[in-house]
Amino acid sequence: MVDRNAGGRRAPVSTSASVTGSRALNALLRVLSGIERLGNKLPHPFWLFVILSALLALVSWGLAAAGVSAVNPATGKTVVAQNLLSADGVRMMVGDAIKNYTSFPPLGTILVVMLGVAVAERSGLLAAVLRSGVSRVSPKWVTFALSFTGMVAHVASDAAYVVLIPLGALAFRAVGRSPILGIVVAFVSISAGYDASPLITPVDAILSGLTTAAAHTIDPAYVVTPLANYYFSLASSLVLAGAITLVTERVLARRVEAIPVDPDADEDDLGSLTLSPEERRGLRAALITLVVFLAAMVAAVLPPGSPLRGEGGSIVQSPLLTSIAIFLALAFLAVGWAYGRAAGTVTRSADIPGFMAHGLREMAPILVLFFAISQFLAYFKWTGIGEIIAIDGAGLLKSAGVSGPVVFLGILLVVTVINLVVTSGSAQWALVGPVFVPMLMLLNIPPEYTQALYRIADSCTNAITPMSPYFVMALGFLQRYRRSAGIGTLASMTIPLAFTLLVVWTLLFFVFWGLGIPLGPGAPVP
């Protein structure tokens with residue numbers, strides 16, 4: 001309640017609500033500090049999978065000695081736990097090491113996609129697109145424009161943080177609003193909404209490859225394409241941008257008023273939103289090239305006898321979708337080249353392979369991690385332990401009468417908690433996907449739905465965990481405007497957004513599930 005003094009100003013009568021809120025926030029910050037300490041004790045994901053492989057070997061020895069087995073209801077085959085430390089196991093680990101790596105489903109897909117994305121990124125196209133997305137926006141729409149641009153920015157992978165966070169500060173400052181609020185909106189849009197985008201991104205290529213590998217436990221012919229969650233991802237980008245806008249305007253705007261910018265803050269060191277004439281010319285050329293490319297693709301696939309169609313003239317099961325990585329790479333390459341030629345950032349043909357090489361160099365950490373992950377997954381599949389866990393887990397859920405929504409919420413909770421500590425999306429999915437995907441397949445839930453569920457849990461808590469290097473990066477940008485800002489300052493603004501997105505995104509998933517809406521082209525509906 002409030003009282004009004006003689007001057008007509010509102011004066012608070014009780015501060016119990018604010019005290020309770022402060023205590024709750026302090027308690028949550030203590031939890032986050034504990035998570036940070038725990039996470040700092042974890043090894044690098046590469047060594048984490050090496051350790052897990054060693055533990056798997058010991059577990060397989062014990063289960064094989066105990067004669068553990070299960071009957072796969074999908075095939076009627078009896079799956080027996082195999083000892084990784086046996087002679088056959090050692091021969092497999094040594095003899096198949098190279099094959100395990102080179103045949104790892106996400107490896108070729110992500111490398112091919114990044115060849116094209118690297119050209120678009122190094123030519124300056126992606127940065128220009130992001131800047132144009134938040135420039136010349138009225139104050140009324142700046143929050144939605146910035147948050148939706150954050151969803152588009154996922155095509156640039158981790159580079160999106162470096163480009164868009166300072167642009168968020170500039171965009172809000174340009175319309176007379178707090179640059180601190182712009183930093184928070186940009187950071188949350190990229191991190192908490194990381195697996196949502198109106199475009200196909202490198203993440204789609206990585207996740208679909210890992211999901212395909214996990215699905216092969218039950219069906220060796222199953223293929224999950226990078227487009228498998230496209231409809232869901234597109235809808236998510238719009239819904240999440242709307243949710244971020246609503247919470248920002250109704251809640252965070254008031255919170256930021258209590259965090260003024262330092263009077264001596266240097267507000268001119270983050271660049272400019274203004275596009276040069278060369279950049280505008282480049283964007284026009286890129287747009288024309290994209291339209292021509294899409295028109296050519298449509299013309300190529302329209303004839304009934306087109307080689308891009310599958311058996312019986314199918315588009316769903318066709319080279320167009322199963323090899324979508326090739327066409328994505330060509331699209332990024334074409335628009336990146338067109339932008340560069342018009343903007344003057346590509347001056348000779350040798351620039352293109354140079355850009356590609358640079359992009360692959362930036363992929364080196366992921367390629368190293370993929371080696372450890374590919375070996376672990378090959379061992380996991382060979383031992384049969386993942387399949388046994390999936391079979392027994394599905395059987396337990398069936399006997400308990402647990403329905404799909406309850407299973408979904410359970411998986412969401414587990415992965416959301418794990419994501420507070422293991423912030424690498426590919427590493428985490430490689431860890432839990434081989435169990436969750438086949439288990440839910442045995443419950444007649446397609447892998448595409450399990451993957452979509454994972455996208456939600458893998459994203460939302462990115463904005464609140466201090467284990468994320470980009471949380472620290474966002475804090476660094478924030479401290480340019482408010483030097484006294486700390487982890488608690490940023491977390492107090494990202495927590496309301498993160499948990500709102502978790503709830504809203506989950507509800508959207510259940511809308512797709514309940515109404516039987518396909519998650520993407522060719523994705524099955526249960």
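This structure is a prediction, so every number in the text was calculated from the model and none was measured.

## A closer look at the overall build of the chain
Okay, so step 1: On a plain count of helices and strands, the chain comes out with 22 helices and 4 strands.
Okay, so step 2: With the model as given, the accessible surface of the chain reaches about 23,100 Å², and the carbon-plus-sulfur share is 66%.

## Considering the pattern of salt bridges
Okay, so step 1: The final tally for this structure, using the stated rule, is 4 salt bridges.
Okay, so step 2: Glu249 is the partner of Arg177 in a salt bridge, and the nearest nitrogen-oxygen pair spans 3.0 Å. In this pair, Arg177 sits in the loop between helix H8 (159-174) and helix H9 (179-191) while Glu249 sits in helix H11 (residues 230-257), placing the two residues 72 residues apart along the sequence.
Okay, so step 3: Among the ionic pairs, Arg348 bridges to Asp351, the shortest N-O distance being 3.6 Å.

## What about a nonpolar patch on the surface?
Okay, so step 1: A surface patch of nonpolar side chains, about 720 Å² in accessible area, is lined by Trp47, Val50, Ile51, Leu55, Leu58, Trp61 and Leu85.
Okay, so step 2: Note on placement: Ile51 falls in helix H2 (residues 45-65).
Okay, so step 3: According to the relative accessible area criterion, Ile51 is partly exposed, its value standing at 43%.

## Considerations on the nonpolar core
A general tendency of soluble globular proteins is for nonpolar side chains to be buried together.
Okay, so step 1: Formed by 143 residues in total, the largest nonpolar core has its most connected members in Phe187, Val188, Phe232 and Ile373.
Okay, so step 2: Ile200, Ile324, Leu328 and Ala331 belong to the second-largest nonpolar core, a separate cluster that totals 12 residues.

## Remarks on the packing of aromatic side chains
Okay, so step 1: Tallying each qualifying case throughout the model produces 20 aromatic pairs.
Okay, so step 2: Pairing Phe376 with Phe380 gives two aromatic rings, centres 5.7 Å apart and planes at 15°, and the pair type is stacked. In this pair, Phe376 and Phe380 both sit in helix H16 (residues 364-383), 4 residues apart, roughly one turn of the helix.
Okay, so step 3: Seen in terms of ring centroids, Phe408 and Trp513 are 4.8 Å apart; in terms of plane orientation they differ by 85°. Their pairing is edge-to-face. Here Trp513 lies in helix H22 (residues 487-515) and Phe408 lies in helix H18 (residues 404-419), a separation of 105 residues in the sequence.
Okay, so step 4: Looking at Trp513, the relative accessible area reads 23%, which means it is partly exposed.

## Section: the environment of Val59
Okay, so step 1: Within the fold, Val59 resides in helix H2.
Okay, so step 2: Judged by relative accessible area, Val59 falls into the partly exposed class, the value being 41%.
Okay, so step 3: Put simply, Val59 and Asn83 are 24 residues apart on the chain and 8.4 Å apart in space, counted from C-alpha to C-alpha.

## Some thoughts on the packing of helix H7 (residues 142-152) against H9
Okay, so step 1: At their nearest, the axes of H7 and H9 sit 7 Å apart, and the two run at 35° to each other. Our pair here, H7 against H9, has a crossing hand that is right-handed. Residues Thr143, Leu146, Ser147, Gly150 and Met151 of H7 lie in contact with H9, whose contacting residues are Gly182, Val185, Ala186, Ser189 and Ile190.
Okay, so step 2: Of the residues in the contact of H7 with H9, the class split is 5 nonpolar, 5 polar and no charged.

## Here's the deal with the confidence of the model for the chain
Okay, so step 1: Looking at the chain as a whole, the pLDDT averages 83, with 88% of positions reaching at least 70.
Okay, so step 2: Mean pLDDT in the chain bottoms out at strand S1 (residues 2-4), which sits at 37, and peaks at helix H3 (residues 87-95), which reaches 94.
Okay, so step 3: Here residues 1-15 is a poorly scored stretch, pLDDT under 50, and it has 10 contacts once near neighbours within four places are set aside; other chains count.

## Looking at the layout of surface pockets
Okay, so step 1: Approximately 930 Å³ is the volume attributed to the second largest pocket.
Okay, so step 2: If you trace the second largest pocket, you find 32 residues lining it, with Leu199, Leu290, Leu294, Ala331 and Phe332 closest to the centre.
Okay, so step 3: Among the elements that make up the lining of the second largest pocket, the one with the highest residue count is helix H12 (residues 277-301) (8 residues).
Okay, so step 4: Classifying every residue of the lining of the second largest pocket gives 31 nonpolar, 1 polar and no charged.

## Observations regarding the side chain of Thr245
Okay, so step 1: Note that Thr245 resides in helix H11.
Okay, so step 2: Under the relative-accessibility criterion, Thr245 is labelled buried at 16%.

## A look at the environment of Val163
Okay, so step 1: Tracing the backbone shows Val163 in helix H8.
Okay, so step 2: A C-alpha to C-alpha distance of 9.9 Å links Val163 and Ala186, two positions 23 residues apart in sequence.
Okay, so step 3: Aside from chain neighbours lying at most four places away, what touches Val163 is Ala127 and Leu130.

The rules behind the values
Residues numbered from 1 in each chain as written. Predicted model: local features only at pLDDT ≥ 70, side-chain atom pairs only at ≥ 80, totals over all residues. Heavy atoms only, no water. Helix = DSSP H or I, 4+ residues; strand = E, 2+ residues; numbered from the N terminus. Areas by Shrake-Rupley, 256 points an atom, 1.4 Å probe, with all protein chains shown as cover. Salt bridge = Lys/Arg side-chain N within 4 Å of Asp/Glu carboxyl O. Patch = residues over 30% accessible without salt bridge, like charges linked within 9 Å, V, L, I, M, F, W, Y side chains within 5 Å. Buried < 20%, exposed > 50% of the residue type's maximum accessible area, 1.4 Å probe, protein only. Core = buried A, V, L, I, M, F, W, Y, C linked by side-chain atoms within 4.5 Å. Phe/Tyr/Trp six-rings, centres within 6.5 Å; stacked < 30°, edge-to-face > 60°. Axes fitted to C-alpha atoms, helices over the stretch in contact; angles between N-to-C directions. Left-handed = near helix turned anticlockwise from the far one by under 90°. Contact = heavy atoms within 4.5 Å. Nonpolar A, V, L, I, M, F, W, Y, C, P; charged D, E, K, R; others polar. pLDDT = per-residue confidence, 0-100. 1 Å grid on protein atoms, 1.4 Å probe; cavity = no way out; pocket = protein on both sides within 12 Å on 5 of 7 lines; lining within 4 Å. Points joined across faces, edges and corners; volume = space filled by probe spheres on them.

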